[in-house]
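Report on the structure
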Amino acid sequence: MTTHLAEEPTPEDESQCWCCGATQPSNEMVRLGAHPEVTLCLRCAHFVHRRAQEIEDRGRTGLGARTRDVVRGIRGQVIQHGWQHNRVLGPPMRWIDRHLP
Ligand SMILES: [Zn+2]
């Protein structure tokens, strides 16, 4: 029986995110299937997921796609104005954003 434990990253190992450059424990990073040397932190993995969904939504006209489009527009306005960094409004807006598509 073959085990892959030797290839599993240990909590002490750290990797650098290929997107933002942040360094985090390897076992908390997402690895690409065909290129396991490429690691993404969870924030960037969520960002990539949203970008993929945006590309998929380009050809869709359903309620879900239109709703996500509106959410993306609002998110863009919030980021453009920097409201996510506001001491009072920032924390609830970031919480809401984590639960939006
Ligand atoms: Zn990152």
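Please refer to the structure higher up on the page.
Residues numbered from 1 in each chain as written. Predicted model: local features only at pLDDT ≥ 70, side-chain atom pairs only at ≥ 80, totals over all residues. Heavy atoms only, no water.

**Looking at the overall build of the chain**
Along the chain, the regular secondary structure elements total three helices and four strands. Starting at the N terminus and walking to the C terminus, you meet the elements of the chain as β-β-β-β-α-α-α. By residue count, 19% of the 101 residues in the chain fall in the buried class. Of the contacts formed within the chain by residues at least 6 apart in sequence, a portion of 19% connects residues at least 24 apart. Of the roughly 8000 Å² of accessible surface on the chain, 58% is carried by carbon and sulfur atoms. (Helix = DSSP H or I, 4+ residues; strand = E, 2+ residues; numbered from the N terminus. Buried < 20%, exposed > 50% of the residue type's maximum accessible area, 1.4 Å probe, protein only. Contact = heavy atoms within 4.5 Å. Areas by Shrake-Rupley, 256 points an atom, 1.4 Å probe, with all protein chains shown as cover.)

**Comments concerning the packing of helix α1 (residues 42–57) against helix α2 (residues 63–81)**
Direction vectors running N to C along α1 and α2 enclose 130°, while the axes themselves pass 10 Å from each other. When the interaxial angle is binned, α1 and α2 end up oblique. Along this stretch, α1 crosses α2, giving a crossing that reads as left-handed. Residues Arg50, Gln53, Glu54 and Asp57 of α1 form the contact with α2, whose own contacting residues are Ala65, Arg68, Arg72 and Arg75. A breakdown of the residues in the contact of α1 with α2 according to their chemical character gives one nonpolar, one polar and six charged. (Axes fitted to C-alpha atoms, helices over the stretch in contact; angles between N-to-C directions. Parallel < 35°, antiparallel > 145°, perpendicular 65-115°, else oblique. Left-handed = near helix turned anticlockwise from the far one by under 90°. Nonpolar A, V, L, I, M, F, W, Y, C, P; charged D, E, K, R; others polar.)

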